[in-house]
Amino acid sequence: MEKIAVIGAGSWGSALALVLSDNSHEVRLWTHNKSQAEEINHTHINSKYLPNAKLPNEIRAYHDLKQAVDGVSTVVLVVPTTAIREVCKQLGEVLNHKVTIIHGTKGIEPKTLKRVSEMIEEELPRKYYEEVVVLSGPSHAEEVSDRQPTTVTASSNSIAEAEKAQDLFINENFRVYTSPDMIGVELGGALKNIIALGSGISDGLGYGDNAKAALMTRGLAEIARLGTSMGANPLTFIGLAGVGDLIVTCTSVHSRNWKAGSLLGKGNSLDDVLNKMGMVVEGARTTKAAYQFSQEKKIEMPITNGIYRILFEEAKPKDVVDQLMTRMRRHEMEDLSNILNNKYSS
Ligand SMILES: NC(=O)C1=CN([C@@H]2O[C@H](COP(=O)(O)OP(=O)(O)OC[C@H]3O[C@@H](n4cnc5c(N)ncnc54)[C@H](OP(=O)(O)O)[C@@H]3O)[C@@H](O)[C@H]2O)C=CC1
Ligand SMILES: O=C(CO)COP(=O)(O)O
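Conventions and cut-offs
- Residues numbered from 1 in each chain as written.
- Chains lettered and ligands numbered in written order.
- Predicted model: local features only at pLDDT ≥ 70, side-chain atom pairs only at ≥ 80, totals over all residues.
- Buried ≥ 20, exposed ≤ 12 C-beta atoms within 10 Å, placed from the backbone.
- Helix = DSSP H or I, 4+ residues; strand = E, 2+ residues; numbered from the N terminus.
- Pairing = 2+ DSSP bridges.
- Right-handed = clockwise from strand over helix to strand, strands pointing away.
- Axes fitted to C-alpha atoms, helices over the stretch in contact; angles between N-to-C directions.
- Contact = placed C-beta atoms within 7 Å.

**Student:** Explain the pairing of strand β2 (residues 26–30) residue by residue, including any values.
**Tutor:** When you tally the buried positions in β2, you get 4 out of 5 residues, the bulk of the element. In this structure, strand β1 (residues 3–7) lies alongside β2, joined through 5 bridges in parallel fashion. When the sheet's bridge partners are listed, Ile 4 is paired in β2 with Val 27. Note on the crossover from β1 through helix α1 (residues 11–22) to β2: the handedness is right-handed. Sheet analysis places β2 next to strand β3 (residues 60–62), joined by 3 bridges and oriented parallel. Looking at the pairing, Leu 29 lines up with Ala 61 of β3. Viewed along the sheet, the connection from β2 through helix α2 (residues 34–43) into β3 turns out right-handed.

Encoded structure:
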């Protein structure tokens, strides 16, 4: 059994720590919040981020990063995208040996348009790891911590590292596949959050299942268009990290992105919504990044652009829907055949 540090004690870090502990690994859960570490050690509950789960007694919470990573074989990074660079810099200062790095963070950085693994590579000296692994797929923390059946994908440029992550996490409730398409797996997890915001907005406006199915389907076409232009394999987007995560995030009451969207659809401003949520809503910053990319590379992303205008330009959700519905008529599959014929070369 391995010694593993999980960095970030939000909902997802706590749920992944629980899976690893169920697999009999020695799990250290690091948080930058001292009182949260004390709460977890004394009560085995993470009352702010995962209140309904009893964490296994064996999980030990740490506030000292150096102690948390001392002698571990694996570091699982699960902080929000905004914190990745800062936390990796801190890790570089306290690590003194090579580890397997796995991340579960779903976002793209605005301005640089970097994926999470690229940010890690920029901040954490390469001598401390071989290749980053990403773990992604349809997996709400609330259900994982309730040990309900869940499937995810581990991807890395090193198949050996992806298989190591698979070995560490897989159990009868948590099935882990592997994929060599790191770009597609990271982008699928990040970009579906934009469409989940849209799905919430649609529900907040009072629209029904037809509208949601349209958003998900045409949203998936946008994800694939942007993803393949960044080098992803289009087939990844019909897998767990693509349509799988899109379905769960657009349709589940657990989704923070969906919840934030539904508040926006009811007329709240983005600032009010983010204040109310109290948990990370990754889709907002990722919308900014995807909008920027679509403008720079002239990639058609009407849903993403509409959501950008609602979030950052005070466009009225109903007006955006009207504009989407009255766009110039077109053939449904033409962009799909473009993706398959022209844009993707492996
Ligand atoms: N929740 C889920 O079901 C899933 C989430 N994810 C992804 O996992 C990532 C983390 O999300 P999640 O755990 O849900 O987020 P939460 O909002 O539940 O928790 C975020 C955690 O990160 C901490 N944090 C914030 N900033 C920093 C920082 N600068 N340094 C250290 N810690 C920091 C917060 O601490 P504090 O309280 O002090 O702010 C909090 O403990 C996101 O990218 C999300 O998309 C992926 C799959 C499922
Ligand atoms: O990524 C997730 C489930 O797979 C969690 O989505 P939210 O961040 O919207 O809650």
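What follows picks up the thread again.
**Student:** Just give me the short version of the sheet that holds β1, but keep the residues and values in it.
**Tutor:** Ordered by their spatial adjacency, 8 strands build an open sheet running β3-β2-β1-β4-β5-β6-β7-β8, and the pairing between neighbours is mixed. Each having just a single partner strand, β3 and β8 (174–179) make up the two edges of the open sheet. Each adjacent strand pair in this sheet contributes to an overall mean axis angle of 25°, direction not counted. Here β1 pairs with strand β4 (residues 74–77) via 4 bridges, running parallel. Within the sheet, the bridge partner assigned to Ile 4 lies in β4 and is Thr 74.

**Student:** An account of the environment of Gly 219 is requested, with residue identities and associated values reported.
**Tutor:** For Gly 219, the position within the fold is in helix α9 (residues 209–229). Once residues lying within four places of it in the same chain are set aside, the contact partners of Gly 219 are Ile 195, Gly 198, Leu 246 and Ile 303.

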